[in-house]
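The lines below spell out each chain.
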Amino acid sequence: MEAIGLLVRLQARSGKEADAEAFLKSARPLAMDEKGTLKWYAIKLGPGKFGIFDTFANEEGRNAHLTGEIAKALGTRADELFAAPPQVEKVEVLASTPFKG
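A brief look at the structure comes next. (Residues numbered from 1 in each chain as written. Predicted model: local features only at pLDDT ≥ 70, side-chain atom pairs only at ≥ 80, totals over all residues. Heavy atoms only, no water.)

Another point: helix α4 (residues 69-81). The first and last C-alpha atoms of α4 sit 17 Å apart over 13 residues, in line with the 18 Å expected at 1.5 Å per residue. Where α4 bends most, the angle comes to about 35°, and this point is G75. Inspection of α4 places I70, L74, A78 and L81 among the buried residues, and these make up the whole buried set. Contacts from the buried residues of α4 go to β1 (4-11), α1 (17-26), α2 (28-32), β2 (37-46) and α3 (59-66). (Helix = DSSP H or I, 4+ residues; strand = E, 2+ residues; numbered from the N terminus. Expected span 1.5 Å × (residues − 1). Bend = angle between axes of the 7 residues up to and from the residue. Buried < 20%, exposed > 50% of the residue type's maximum accessible area, 1.4 Å probe, protein only. Contact = heavy atoms within 4.5 Å.)

Shown next as structure tokens:
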């Protein structure tokens, strides 16, 4: 059950918006491989503004994500793609709906 999450806000460098978007889309397979990550979303908040929202059942899953392959890739490319360091917020999931597929 989703209990906690992360909300990460990212501002692309001017002229790097398309590269930032492509980078975030390319991280999907890495998120799929993370056992403790229940749901992972790369989102566009507006022109040059992006985010990542993901959910976890417990702190162990969240910590594994924070030290996992996506975090490593983000750390490697953050200065190139983003105007400021990622703003990472730990959040609690109060309620959610099941997948209605």
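Another point: the environment of A18. Mapped onto the secondary structure, A18 falls in helix α1. Considered as a pair, A18 and G48 are 30 residues apart in the sequence and their alpha carbons are 8.5 Å apart.

As a further point, take a nonpolar patch on the surface. Where nonpolar side chains cluster on the molecular surface, the patch consists of Y41, I43 and L45 and spans about 260 Å² of accessible area. Mapped onto the elements, L45 comes out in strand β2. (Patch = residues over 30% accessible without salt bridge, like charges linked within 9 Å, V, L, I, M, F, W, Y side chains within 5 Å. Areas by Shrake-Rupley, 256 points an atom, 1.4 Å probe, with all protein chains shown as cover. Salt bridge = Lys/Arg side-chain N within 4 Å of Asp/Glu carboxyl O.)

Looking now at the pairing of strand β3 (residues 49-56). Judged by how many residues are buried, β3 sits mostly within the fold: six of eight residues are covered. When β1 meets β3, the two strands line up antiparallel, connected through eight bridges. Following the sheet pairing, L6 is matched in β3 by D54. Following β2, the chain reverses through two residues before pairing antiparallel with β3; G48 in that reversal takes a positive phi of roughly 75°. (Pairing = 2+ DSSP bridges.)

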